[in-house]
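Observations on the model geometry
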Amino acid sequence: MTSTSDKRLFVLADDGPRTPASLPSPDPAAATPPPPQALPSPFPYPAQSPRLSQSPAGDRRNVAPNLIPSSTVIGSAGTAREDILGSGDVVPAPFPWARNRRAHVLSLAELSLSGVHVVSGDVRCKRCGSAYKVELPLWVKYGEIRDYIARHKGTMHDRAPAKWMNPPLFSCRICERRGCVKPVISAKKRSINWLFLLLSEMLGFCNLAQLKYFCKHTNNHRTGAKDRVLYLTYLCLCKQLAGDRDEGGLFDR
């Protein structure tokens, strides 16, 4: 007869090996690693593929449109457009004796053909505040200035004399006070009545910026003191007015 201990040994041998109870079976789900998490983008703008733009030179380059602030777009503030429209020398003629170019007047021959023999300008009294127009005879006033330059040009030394720097004022025909009427000079430089200021010899009431504006658009040297720039303005306006009549080069620098 087989004992109880012998039966236990037989059963163990007949069932095969056993898995220890202290080692749990592996979990397939736990063995799979978690998917990687997406890192936050360092740029605040959404991801967008760049587009190609054609440059003026013909090369193609990548441009990220969302990274360009709108304030840098040319013409967004109107500055570029104003520079393009207002930088040319051609402007509407502000007076019948002015050309359609900045700081240019018609010649005596052209004015005679147009029937212009009187030049007018706006003035204002400092005492009573009255504003009115003053008319000047074209040929008479031009002759006076031409004769003065012919007599004194050699002693001017390229500088405006005192009578041009501090011109005398008109007398008011409203309140009849003396030395109180000044010319009205337009705040817009392109609308300044240059010929009236020349014939009345009141160009000295222009400030330095206005005189430099004139010299800029007439290709004259515009640096230096006011008496220098004023002298060039007188000569240049007289030369424009004389035209072909300046045969001796009286109004040359």
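Provided above is the structure to which this section pertains.
Residues numbered from 1 in each chain as written. Predicted model: local features only at pLDDT ≥ 70, side-chain atom pairs only at ≥ 80, totals over all residues. Heavy atoms only, no water.

1. Here's the deal with the pattern of salt bridges
For the structure on display, the rule yields eight salt bridges. Glu201 serves as the salt-bridge partner of Lys163, at 3.4 Å between the closest nitrogen and oxygen. Of the two residues, Lys163 is situated in helix α6 (residues 162-165) and Glu201 in the loop between α7 (194-199) and α8 (208-217); the sequence distance between them amounts to 38 residues. (Salt bridge = Lys/Arg side-chain N within 4 Å of Asp/Glu carboxyl O. Helix = DSSP H or I, 4+ residues; strand = E, 2+ residues; numbered from the N terminus.)

2. A word on a positive patch on the surface
Residues Lys126, Arg127, Arg177 and Lys182 make up a contiguous surface patch of positive charge. In this fold, Arg177 is placed in the loop between α6 and β5 (181-183). (Patch = residues over 30% accessible without salt bridge, like charges linked within 9 Å, V, L, I, M, F, W, Y side chains within 5 Å. Areas by Shrake-Rupley, 256 points an atom, 1.4 Å probe, with all protein chains shown as cover. Lys, Arg positive; Asp, Glu negative; His and termini not counted. Charge placed at Lys NZ, Arg CZ, Asp CG, Glu CD.)

3. Some words on empty space enclosed by the protein
All chains considered together, the criterion is met by one cavity of 30 Å³ or more. In terms of lining, the largest cavity is formed by 16 residues, of which the most central are Pro94, Ala98, His104, Ile192 and Trp194. Classifying every residue of the lining of the largest cavity by side-chain character gives 10 nonpolar, two polar and four charged. (1 Å grid on protein atoms, 1.4 Å probe; cavity = no way out; pocket = protein on both sides within 12 Å on 5 of 7 lines; lining within 4 Å. Points joined across faces, edges and corners; volume = space filled by probe spheres on them. Nonpolar A, V, L, I, M, F, W, Y, C, P; charged D, E, K, R; others polar.)

4. Concerning helix α5 (residues 138-156)
By the largest-angle criterion, Ala150 marks the main kink of α5, which is about 45 degrees. Every buried residue of α5 is listed here: Leu138, Tyr142, Gly143, Ile145, Tyr148, Ile149 and Met156. At its buried positions, α5 is contacted by α4 (108-113), β3 (118-125), β4 (131-137), α6, α7 and α9 (226-242). Just past α5, the residue His157 takes up positive phi, approximately 55 degrees. (Bend = angle between axes of the 7 residues up to and from the residue. Buried < 20%, exposed > 50% of the residue type's maximum accessible area, 1.4 Å probe, protein only. Contact = heavy atoms within 4.5 Å.)

5. Concerning the packing of aromatic side chains
If you walk through the whole model with that rule in mind, you get five aromatic pairs. Centre to centre, the rings of Phe95 and Trp97 are 5.7 Å apart; their planes meet at 5 degrees, and the pair counts as stacked. On the numbers, 5.8 Å between centres and 55 degrees between planes, the contact of Tyr148 with Trp164 is tilted. Remark: Trp164 occurs in helix α6 and Tyr148 occurs in helix α5; sequence separation between them is 16 residues. On the basis of relative accessibility, which here comes to 0%, the residue Trp164 falls in the buried class. Put simply, the rings of Tyr148, Trp164 and Tyr234 touch in pairs and so form one group of aromatic residues. (Phe/Tyr/Trp six-rings, centres within 6.5 Å; stacked < 30°, edge-to-face > 60°.)

6. A word on the sheet that holds β5
The sheet built from three strands is open, its strands ordered β4-β3-β5 with antiparallel pairing. Of all the strands in the sheet, the pair left with one neighbour each is β4 and β5. Strand-to-strand twist in this sheet, taken as the mean axis angle between neighbours without regard to direction, amounts to 45 degrees. Pairing analysis gives three bridges linking β3 to β5, with the strands arranged antiparallel. The partner of Val123 across the bridge, within β5, is Pro183. Running at roughly 75 degrees to β4, α5 makes contact with β3 and β4 of the sheet. (Pairing = 2+ DSSP bridges. Axes fitted to C-alpha atoms, helices over the stretch in contact; angles between N-to-C directions.)

7. What to know about the nonpolar core
Counting residues in each nonpolar core, the largest one holds 50 residues, and the members touching the most others are Trp164, Trp194, Leu195, Leu198 and Leu241. At the level of secondary structure, the elements contributing two or more residues to this core comprise α4, β3, β4, α5, α7, α8 and α9. For this core, the leading source of residues is α9, giving 11 residues. Ignoring anything within four residues of it in the chain, the contact list for Leu241 reads Val105, Leu106, Ser107, Leu108, Leu111, Leu138, Tyr142, Leu195, Leu198 and Leu199. (Core = buried A, V, L, I, M, F, W, Y, C linked by side-chain atoms within 4.5 Å.)

In short, shape yes, function no, at least from these values alone.
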